[in-house]
Amino acid sequence: MTSIQSRYPLVAVVAMAKNRVIGDGQQLLWHIPGDLPRVKTLTMGRPLIMGRRTFESIGRALPGRANIVLTRQADWTGEGVITVSTMADAITAAEEWIAADKQRTGEIVIFGGGEIYSAFMPYLDVIDLTEVDLNPDGAALFPEWNTAEWTETSRTHHPSTDAAIGFDLIRLERRS
Ligand SMILES: NC(=O)c1ccc[n+]([C@@H]2O[C@H](COP(=O)([O-])OP(=O)(O)OC[C@H]3O[C@@H](n4cnc5c(N)ncnc54)[C@H](OP(=O)(O)O)[C@@H]3O)[C@@H](O)[C@H]2O)c1
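About the thresholds
Residues numbered from 1 in each chain as written. Predicted model: local features only at pLDDT ≥ 70, side-chain atom pairs only at ≥ 80, totals over all residues. Heavy atoms only, no water. Helix = DSSP H or I, 4+ residues; strand = E, 2+ residues; numbered from the N terminus. Rg over C-alpha atoms; globule rule 2.2 N^0.38 Å. Contact = heavy atoms within 4.5 Å. Areas by Shrake-Rupley, 256 points an atom, 1.4 Å probe, with all protein chains shown as cover. Lys, Arg positive; Asp, Glu negative; His and termini not counted. Charge placed at Lys NZ, Arg CZ, Asp CG, Glu CD. Expected span 1.5 Å × (residues − 1). Buried < 20%, exposed > 50% of the residue type's maximum accessible area, 1.4 Å probe, protein only. Pairing = 2+ DSSP bridges. Right-handed = clockwise from strand over helix to strand, strands pointing away. Axes fitted to C-alpha atoms, helices over the stretch in contact; angles between N-to-C directions. Arc of directions from axis to C-beta. Phe/Tyr/Trp six-rings, centres within 6.5 Å; stacked < 30°, edge-to-face > 60°. Lys NZ or Arg CZ within 6 Å of the ring centre and 35° of its normal.

S.K.: What am I meant to see in the overall build of the protein here?
M.R.: Tallying secondary structure elements over the protein gives 4 helices and 10 strands in all. Sequence-ordered secondary structure for the protein, helices as α and strands as β, is β-β-α-β-α-β-β-α-β-α-β-β-β-β. For 176 residues, the compact-globule estimate of 2.2 N^0.38 gives 16 Å, and the protein sits close to it at 16 Å. Dimensions of the protein, computed from the C-alpha atoms along their principal axes, are close to 45 × 35 × 35 Å. In the protein, once contacts between residues fewer than 6 apart in sequence are set aside, the share between residues at least 24 apart is 65%. By element, 49% of the accessible surface of the protein is carried by carbon and sulfur atoms, the whole surface being about 9700 Å². The protein carries 17 positive and 22 negative side-chain charges, and their two centres are separated by 4 Å.

This is how it looks when you write it as structure tokens:
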């Protein structure tokens, strides 16, 4: 079993439907005004660790952040990307990126998708969750978390309207 140690907190940033679906591998499953700026605020100046499929679904490196992509393909590369093949190497790359510049924030963002959230779940310190009031079809899921290990430290409810999907902004912190 892989064992991961990080000098910095590991923070998952995710938007998940009621049925845990996070994506169908192709297009975005919802549009929530305000969520993309929120993701930007939560990720800017931080290293992002993501799976190769998530990187390809975004289609480009996100500026102002390290884009650390996990793949088992030895010859895979992407423009503006740090490619790694193990979770431990992903953490090391993120730590080195933070240490290289004092302006950078001492947090590592676990950016998805489903495989990467599952792999890092035992090591997460914080989950910044947008829970979307939908039940769409999709193969990529956010993993279950053990509620006994987590405290909900904030929740803001945004009810649905005729024009917009309802959602909750939730922060979960692992109990020490
Ligand atoms: N709603 C949200 O907040 C959110 C956030 C992120 C992503 N998503 C969605 O999630 C979906 C993608 O999720 P996914 O589960 O299909 O794929 P993923 O987690 O993005 O990527 C999986 C890939 O990562 C690599 N990988 C996984 N574990 C690894 C390990 N331990 N070591 C080395 N490489 C590893 C493999 O790449 P290779 O096959 O190249 O070896 C694997 O195929 C998309 O629909 C995306 O839009 C949603």
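Now that the structure has been shown, we can carry on.
S.K.: Can you help me understand helix 3 (residues 87–99) in this one?
M.R.: Because the α-helix completes a turn every 3.6 residues, residues three or four places apart line up on one side. The terminal C-alpha atoms of helix 3 lie 18 Å apart, and with 13 residues this matches the ideal 18 Å at 1.5 Å per residue to within 8%. Buried residues along helix 3 sit against strand 1 (10–17), strand 3 (47–51), strand 4 (66–70), strand 5 (82–84), strand 6 (108–112) and helix 4 (114–120).

S.K.: Looking at this structure, I do not really get the pairing of strand 4. What am I missing?
M.R.: Regular strands place side chains that alternate from one sheet face to the opposite one. The buried fraction of strand 4 amounts to 5 of the 5 residues, a majority that puts the element mostly inside the structure. The sheet contact formed by strand 3 and strand 4 spans 5 bridges and is parallel. For I49, the partnering residue across the bridge sits in strand 4 and is I68. In this fold, strand 3 hands off to helix 2 (residues 52–58), which returns the chain to strand 4; that crossover is right-handed. Sheet topology places strand 4 next to strand 5; 3 bridges connect them, and they run parallel. The residue of strand 5 that forms the bridge with I68 is I82.

S.K.: I'm lost on unusual backbone geometry in this one. Help?
M.R.: Comment: phi is negative for the bulk of residues other than glycine, and the bulk of peptide bonds are trans. The amide bond that connects G112 to the next residue, G113, takes the cis arrangement and shows omega of 0°. Among the secondary structure elements, G113 is positioned in the loop between strand 6 and helix 4. Phi angles above zero are rare outside glycine, and R20 is one such case at about 75°. Mapped onto the elements, R20 comes out in the loop between strand 1 and strand 2 (21–23).

S.K.: How do you make sense of the environment of Q103 when you look at a structure like this?
M.R.: Turning to its location among the elements, Q103 is positioned in the loop between helix 3 and strand 6. Remark: the alpha-carbon pair of Q103 and R46, spanning 57 residues in sequence, is separated by 9.8 Å.

S.K.: Just to check I follow, could you spell out the sheet that holds strand 3 for this structure?
M.R.: In any sheet, the strands associate via hydrogen bonds between backbone groups, in a parallel or an antiparallel arrangement. With respect to topology, 8 strands assemble into an open sheet ordered 5-4-3-6-1-7-10-9, the strand pairing being mixed. The sheet is open, and its two edges are formed by strand 5 and strand 9 (150–158), each paired on a single side. Direction aside, the axes of adjacent strands within the sheet are offset by 20° on average. On the sheet, helix 1 (residues 35–43) packs against strand 1, strand 3, strand 6, strand 7 (126–132) and strand 10 (167–174) and is oriented at approximately 175° with respect to strand 7.

S.K.: Help me understand helix 1, please; the structure alone is not making it clear to me.
M.R.: Listing the buried residues of helix 1 in full gives D35, R38, V39, L42 and T43. In an axial view of helix 1, the angular spread of the buried residues amounts to 120°, which keeps them on one side of the axis. Opposite the buried face of helix 1, by more than 90 degrees, sit the exposed residues L36 and T41. On its buried face, helix 1 sits against strand 1, strand 3, strand 6, strand 7 and strand 10. Among the residues trailing helix 1, G45 stands out with phi positive, at a value near 75°.

S.K.: Would you mind showing me how to read the packing of aromatic side chains here?
M.R.: Under the counting rule described, the total for this entry stands at 3 aromatic pairs. Between the aromatic rings of F55 and W76, the centroid separation amounts to 5.7 Å while the plane-to-plane angle is 85°, which identifies the pairing as edge-to-face. Of the two residues, F55 sits in helix 2 while W76 sits in the loop between strand 4 and strand 5, which places them 21 residues apart along the sequence. Here F55 and W76 have matching classes, each one buried. Ring geometry for Y117 and F142: centres 4.8 Å apart, planes at 65°, overall edge-to-face. Here F142 lies in the loop between strand 8 (140–141) and strand 9 and Y117 lies in helix 4, a separation of 25 residues in the sequence. F142 matches Y117 in its accessibility class, with the two residues each being buried. These aromatic residues form a ring-pair network of at least three members: Y117, F142 and W145. It is R104 that lies over the ring of W97; its NZ or CZ is 3.8 Å from the centre.

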